[in-house]
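# Per-entry structural report
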Amino acid sequence: MASAAAAAAKILTTAAAAANTSFFPHKHQSSRLLQSPTLSSGKFSLEVQKQFLLADSSLRLSSVRRCEAVLSETYSIPSRPAEVDWDNLGFGLIPTDYMYIMKCPHGGSFSKGKLQRFGNIELSPSAGVLNYGQGLFEGLKAYRKQDGNILLFRPDENALRLSTGAERMCMPAPSVEQFVDAVKETVLANERWIPPAGKGSLYIRPLLMGSGSVLGIAPAPEYTFLIYVSPVGNYFKEGMAPINLVIETDVHRASPGGTGGVKSIGNYAAVLEAQTAAKAKGYSDVLYLDCVHKTYLEEVSSCNVFVVKGNVIATPAIQGTILPGITRKSIIDVALSQGFEVVERPVTVDELLDADEVFCTGTAVVVSPVGSITYLNKRVCYGEGGIGPVSQELYTGLTRLQMGLVEDKMGWIVELK
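Along each chain, residues carry numbers from 1 onward, in the same order as the chain's sequence is written. Under the rules for a predicted model, residues below a pLDDT of 70 receive no local features and side-chain atom pairs below 80 are neither given nor counted, while totals for whole chains, interfaces and linings still include all residues. To obtain the side-chain values, all non-hydrogen atoms of the structure were used and water was disregarded.

### Notes on empty space enclosed by the protein
The line we're drawing: In this analysis, the protein atoms alone were mapped onto a 1 Å grid. Cavities are point sets where a 1.4 Å probe fits without being able to get out; pockets are open sets with protein on both sides within 12 Å along at least five of seven lines; lining residues have an atom within 4 Å of a point. Grid points are joined across faces, edges and corners, and a volume is the space filled by probe spheres set on the points. The secondary structure listing takes helices from DSSP runs of H or I that are at least 4 residues long and strands from runs of E that are at least 2 residues long, numbered from the N terminus. Charged residues are taken to be Asp, Glu, Lys and Arg, nonpolar residues to be Ala, Val, Leu, Ile, Met, Phe, Trp, Tyr, Cys and Pro, and polar residues to be all remaining types, Gly included.
Taken as a whole, this structure holds one cavity of 30 Å³ or more when the rule is applied. Forming the boundary of the largest cavity are Gly 139, Leu 140, Lys 141, Tyr 143, Phe 153, Asn 158, Ile 326, Thr 327, Gly 362, Thr 363, Val 366 and Gln 402. When contributions to the lining of the largest cavity are tallied by element, the ones reaching two or more residues are strand S4 (140-144) and helix H10 (326-337). With three residues, the single largest contributor to the lining of the largest cavity is S4. Class assignment of the residues belonging to the lining of the largest cavity gives a composition of five nonpolar, six polar and one charged.

Structure below.
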């Protein structure tokens, strides 16, 4: 193989010299050399062309072996089981087999994408996402049933939310059909990484970013939609045990007129300082207040918050600074179906501290009960250190639906196989 490649290089050098041109082929463009006017013009002897064809054939074989991991038309799904300790699965990245990528020019539309081996991607240093944060992400999950079937939970809602966010961030977005089809294809290509029933889920992370180069502040000239996946367990180390939150009074997650209501990548970098400081003090996460009055609840770093008093469940209204969570939306419907009264309105810190129960919702956490809230160095505890009855009831109702253990009367489940 090495000698054939050397022979090809020698022949190409001779050919370039004969044509009085410079010839520097890309390592994966050997097939284009056969279409070169110079090589097909009859200027070289038949013997030279035969030698080139033989050498090029060897280069093709070498090229295929190197590239088969990144070309959709040559991918194959490994049949061996994933080597994962399903009983000790946390919430962290476990590299899987494939990711999905499709691109779109500015002002155009997304064309059909393809699966590639999971791995690093190439971006220009002047990419819009790197320089100006022009990017969004989504999060959803796939579950495995006891019978082996695979379920997705409301992927169309993620597609619609991505589209709304893309409009705010001046980006094109894939259609709902393109989004859902891409999710399906990625999940099935990584099927062996879906945890057994009851052991966790396959977390699906779609990304939409300005991948084209731009120097001045402007929309990028090209966009990339990418999906990767990872098997996950519980988001918080406490699992379903109650978490401990601290209310942040100085740092704010979002402001009116900003991007707090869409899943912009910059929203999450803004919470890292406060979240890191809180975790260093032993808290699970941070609960943020509105930046105007510093009185009303907004959300936790990556979760919506709910406050329970009697049979009434209150949650902050969606008014542009709070992410419209899909789990939030689903929990509201589940709670209503179970006879609770649900209100969406401004919720004060005083109401929070006087609540019977508090819980958070999100794709990663699903439903997470809150054991304590610390505000201005005062700690308020809920229950007796266990999971509150309302949190437990709603968690059970939603997860049984997500995992296919009860009939889907809501029409939320997409079954893959």
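### Observations concerning the nonpolar core
Here is the rule: Among buried residues, those of type Ala, Val, Leu, Ile, Met, Phe, Trp, Tyr and Cys that are joined through side-chain atoms within 4.5 Å constitute a nonpolar core. Residue exposure (1.4 Å probe, protein chains only): buried if accessible area is under 20% of the type maximum, exposed if over 50%, otherwise partly exposed. By definition, residues are in contact when any of their heavy atoms lie within 4.5 Å.
If you look at the biggest cluster of nonpolar residues, it comprises 38 residues, and the most contacted ones within it are Leu 136, Phe 179, Val 183, Val 187, Ile 204, Leu 208 and Phe 225. With six residues, helix H7 (residues 176-189) is the single largest residue contributor to this core. Every residue in contact with Leu 136, bar those within four places of it in the chain, is listed here: Leu 162, Gly 165, Ala 166, Met 169, Met 171, Pro 206, Leu 207, Leu 208, Val 262, Lys 263, Ser 264 and Ile 265.

### Focus: the pattern of salt bridges
Oppositely charged side chains may form a pair once their charged atoms are brought near each other. Counted only if it meets this: Salt bridges, as used here, are contacts in which a Lys or Arg side-chain nitrogen is within 4 Å of a carboxyl oxygen on Asp or Glu.
In the structure shown here, the tally under the stated rule is 14 salt bridges. The salt bridge partner of Asp 97 is Arg 117, with a shortest N-O separation of 3.5 Å. Here Arg 117 lies in strand S2 (residues 114-117) and Asp 97 lies in the loop between helix H4 (46-67) and strand S1 (98-105), a separation of 20 residues in the sequence. When its relative accessible area of 30% is taken as the criterion, Arg 117 is described as partly exposed. With its nearest N and O atoms 2.8 Å apart, the salt bridge here joins Arg 192 to Asp 97. Of this pair, Arg 192 sits in the loop between H7 and strand S6 (201-210) while Asp 97 is found in the loop between H4 and S1, placing the two residues 95 residues apart along the sequence. When its relative accessible area of 5% is taken as the criterion, Asp 97 is described as buried.

### Comments concerning the side chain of Asn 190
Inclusion rule: Pairs of N or O atoms within 3.5 Å make up the polar contacts considered here, provided that, within protein, one atom can donate a hydrogen while the other can accept it, and that residues adjacent in sequence are counted only when both atoms are side-chain atoms.
In this structure, Asn 190 sits in the loop between H7 and S6. In this structure the side chain of Asn 190 is engaged in a polar contact, spanning 2.8 Å, whose partner is the backbone oxygen of Thr 186. Setting aside chain neighbours within four positions, we find Asn 190 in contact with Thr 96, Asp 97, Tyr 98 and Val 229.

### Section: unusual backbone geometry
Of note in this structure, Arg 154 is not a glycine but carries a positive phi near 55°. With a relative accessible area of 6%, Arg 154 lands in the buried category. Residues other than glycine seldom take positive phi values, yet Lys 294 does so here, at roughly 55°. Within the element layout of this structure, Lys 294 appears in the loop between strand S9 (285-289) and strand S10 (297-300).

### Observations regarding the layout of surface pockets
Of the volumes computed, that of the largest pocket is approximately 600 Å³. Lining the largest pocket we find 34 residues, and of these Phe 137, Tyr 203, Arg 205, Tyr 235 and Ser 302 sit closest to its centre. Where the lining of the largest pocket is concerned, the elements lending two or more residues are S6, strand S7 (222-232), helix H8 (265-269), helix H9 (272-280), H10 and strand S14 (357-362). By residue number, the principal contributor to the lining of the largest pocket is S7, which donates four residues. Tallied by class, residues from the lining of the largest pocket come to 16 nonpolar, 12 polar and six charged.

### As for H9
Quick note on the threshold: The arc refers to the directions leading from the helix axis to the C-beta atoms.
Taken together, the buried positions of H9 are occupied by Ala 274, Gln 275 and Ala 278. Seen end-on, H9 carries its buried residues on one side only, within an arc spanning 95°. Residues of H9 that are exposed and angled more than 90 degrees away from the buried face: Glu 273, Thr 276 and Ala 280. Where H9 is buried, its residues touch strand S8 (243-248) and S9. At the C-terminal side of H9, Gly 282 shows a positive phi close to 95°.

### Focus on the packing of aromatic side chains
Just so we agree on the cut-off: Ring pairs are drawn from Phe, Tyr and Trp, using the six-membered ring of Trp, whenever the two centres fall within 6.5 Å, and their geometry is named by plane angle: stacked under 30 degrees, edge-to-face over 60, tilted for the rest.
For the structure shown, the criterion picks out seven aromatic pairs. With 6.5 Å between their ring centres and 70° between their planes, Phe 110 and Phe 225 make a pair best called edge-to-face. Of this pair, Phe 110 sits in the loop between S1 and S2 while Phe 225 sits in strand S7, and the two are 115 residues apart along the sequence. Their ring planes at 90° and their centres at 5.7 Å tell us that Phe 153 and Trp 412 sit as a pair that is edge-to-face. A residue pair is termed long-range when its members are at least 10 positions apart, and Phe 153 in strand S5 (residues 150-153) and Trp 412 in the loop between helix H12 (389-402) and strand S17 (413-415) qualify at 259 residues. Judged by its relative accessible area of 7%, Phe 153 is buried.

### Considering the pairing of S14
Put simply, the rule reads: Strand pairing is defined by DSSP finding a minimum of two bridges between the two strands.
Judged by how many residues are buried, S14 sits mostly within the fold: six of six residues are covered. By the alternation rule, side chains of S14 split into Glu 357, Phe 359 and Thr 361 and Val 358, Cys 360 and Gly 362, which are all buried. Joining the antiparallel neighbours S14 and strand S15 (residues 366-375) is a turn of three residues.

### Overview of the environment of Val 229
Relative to the helices and strands, Val 229 resides in strand S7. Of the residues examined, Val 229 reaches a relative accessible area of 1% and is grouped as buried.

### What to know about the packing of helix H6 (residues 155-168) against H7
The condition is simple: For helices, the fitted axis covers only the stretch in contact; all axes are lines through C-alpha atoms, and the angles between them, taken along N-to-C directions, range from 0 to 180 degrees. Put simply, angles under 35 degrees are roughly parallel, angles over 145 are roughly antiparallel, angles from 65 to 115 are roughly perpendicular, and the rest are oblique. Helix crossings get a hand from a simple test, with the near helix turned counterclockwise from the far one by less than a right angle marking a left-handed crossing and a clockwise turn marking a right-handed one.
It is the contact of H6 with H7, at a shortest axis distance of 9 Å, that shows an interaxial angle of 130°. With respect to H7, the element H6 is oriented oblique. When the axes of H6 and H7 are compared, the crossing they make is right-handed. Here Pro 155, Asp 156, Asn 158, Ala 159, Leu 160 and Leu 162 of H6 lie close against H7, whose contacting residues are Val 176, Phe 179 and Val 180. Classifying every residue of the contact of H6 with H7 by side-chain character gives seven nonpolar, one polar and one charged.

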